Amino acid sequence: MEKLKRQQNDLQSQYHVSVKYIACELTQSNAVDLIFEKLNNWQVSVDFLVNNAGFNECGLFTDTDMEQEMKMIDLHIRFVTQLTKRILPMMKKNNYGRVVNVGSTGSFIPSPSDAVYSATKAYIMSFSNALYGEFKRTGIKITSLCPGATETEFAAKANIQDTLLFKYAVMKPDSVVEIAYPKLMKGKRLVIPGIYNKLLIFFSKILPVGVTNSLTITMMK
Ligand SMILES: NC(=O)c1ccc[n+]([C@@H]2O[C@H](COP(=O)([O-])OP(=O)(O)OC[C@H]3O[C@@H](n4cnc5c(N)ncnc54)[C@H](OP(=O)(O)O)[C@@H]3O)[C@@H](O)[C@H]2O)c1
């Protein structure tokens, strides 16, 4: 809540716009209803939706916490699906909208030590690509943003900040946004920020799964 309040103040003073926030645990089953109650009270329509909230429960599948994994499925799959379903009709009314679904390089690469996370991110990309096709000839554009390791609180929360991946292949969040923003405004289907991530995904498509499995295991050490 403090973080949101701080961001509200920063944005309002820097850009002289009115900013509202909703503090909500998004894995609870009525999260979308709670959000819509607020939107209705404020009488606002939505032009931009960024499905960004996410986290990782990393480790060998037999060692990870099942409750956390179920929450991850709730957040990355159920919540994203429900919220997008409720927001898109608003955008259809105006024939304008931008939806950004934050996937990951893991959307392309089934990742040992990150099995559930990468599977949920594969769902996000598949869902996003399909919607892109449905709205292609309209003013609504759906973008799948697939970053790799990025210097946020994400790695420390998942206790993977000391892995090779986060030591040597990490991007600044500002760079990710600077690359992604113009592309999503143009309505691009897919944004993969950074040359390292582009190469990783290119090779993951042509290399056998056994090789990408070994690479992923090495990078997560
Ligand atoms: N950083 C990376 O290396 C990386 C790489 C690929 C993809 N991604 C994806 O990028 C997105 C943004 O992550 P980030 O890197 O910015 O990580 P972050 O710094 O940890 O931010 C994640 C945000 O999601 C919110 N969140 C997480 N679980 C939530 C829940 N159950 N209910 C409500 N809010 C919740 C967090 O709120 P609190 O602050 O209250 O916890 C935080 O604002 C995620 O979808 C992640 O999977 C990140």
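Because the structure is a prediction, the values reported are computed rather than measured.

### A word on the sheet that holds strand β3 (residues 140–145)
The strand order β1-β2-β3-β4 describes an open sheet built from four strands, whose pairing is parallel. Strands at the two margins of the open sheet, each flanked by one partner only, are β1 (48–51) and β4 (190–191). Two elements, strand β2 (residues 97–102) and β3, share six bridges in a ladder whose sense is parallel. By the bridge assignment, Val 100 is partnered in β3 with Thr 143.

### Notes on the domain arrangement of the protein chain
A common way to state how big an interface is: give the accessible area lost once the parts meet. On domain assignment, one finds that the protein chain holds domain 1 (1–44) and domain 2 (46–219). Taken together, the contact pairs twelve residues of domain 1 with 13 residues of domain 2. Carbon and sulfur atoms make up 66% of the area that domain 1 and domain 2 hide from each other, which totals about 1100 Å². At the junction of domain 1 with domain 2, the criterion picks out two salt bridges. For the salt bridge of Lys 3 with Glu 153, the shortest nitrogen-to-oxygen distance reads 3.4 Å.

### Notes on the environment of Ala 130
Looking at where Ala 130 falls in the secondary structure, it is placed in helix α4 (residues 115–135). Taking the C-alpha atoms as reference points, Ala 130 and Lys 205, separated by 75 residues in sequence, lie 20 Å from one another.

### Let's talk about helix α3 (residues 66–94)
The terminal C-alpha atoms of α3, which comprises 29 residues, lie 42 Å apart, in line with the 42 Å expected from a rise of 1.5 Å per residue. Along its length, α3 reaches its greatest deviation from straightness, about 30°, at Asp 74. Among the residues of α3, Glu 69, Met 72, Leu 75, His 76, Phe 79, Val 80, Leu 83, Thr 84, Ile 87, Leu 88, Met 90 and Met 91 are the ones counted as buried. Sitting at the amino-terminal end of α3 is Asp 65, which places a side-chain oxygen 2.8 Å from the backbone nitrogen of Glu 67. Downstream of α3 by one or two residues, Asn 95 has phi in the positive range, about 50°.

Reading the values: the criteria
- Residues numbered from 1 in each chain as written.
- Predicted model: local features only at pLDDT ≥ 70, side-chain atom pairs only at ≥ 80, totals over all residues.
- Heavy atoms only, no water.
- Pairing = 2+ DSSP bridges.
- Helix = DSSP H or I, 4+ residues; strand = E, 2+ residues; numbered from the N terminus.
- Domains from an automatic or database assignment.
- Contact = heavy atoms within 4.5 Å.
- Buried area = accessible area lost by both parts, 1.4 Å probe.
- Salt bridge = Lys/Arg side-chain N within 4 Å of Asp/Glu carboxyl O.
- Expected span 1.5 Å × (residues − 1).
- Bend = angle between axes of the 7 residues up to and from the residue.
- Buried < 20%, exposed > 50% of the residue type's maximum accessible area, 1.4 Å probe, protein only.
- Polar contact = N/O pair within 3.5 Å; in protein donor to acceptor, adjacent residues only side chain to side chain.

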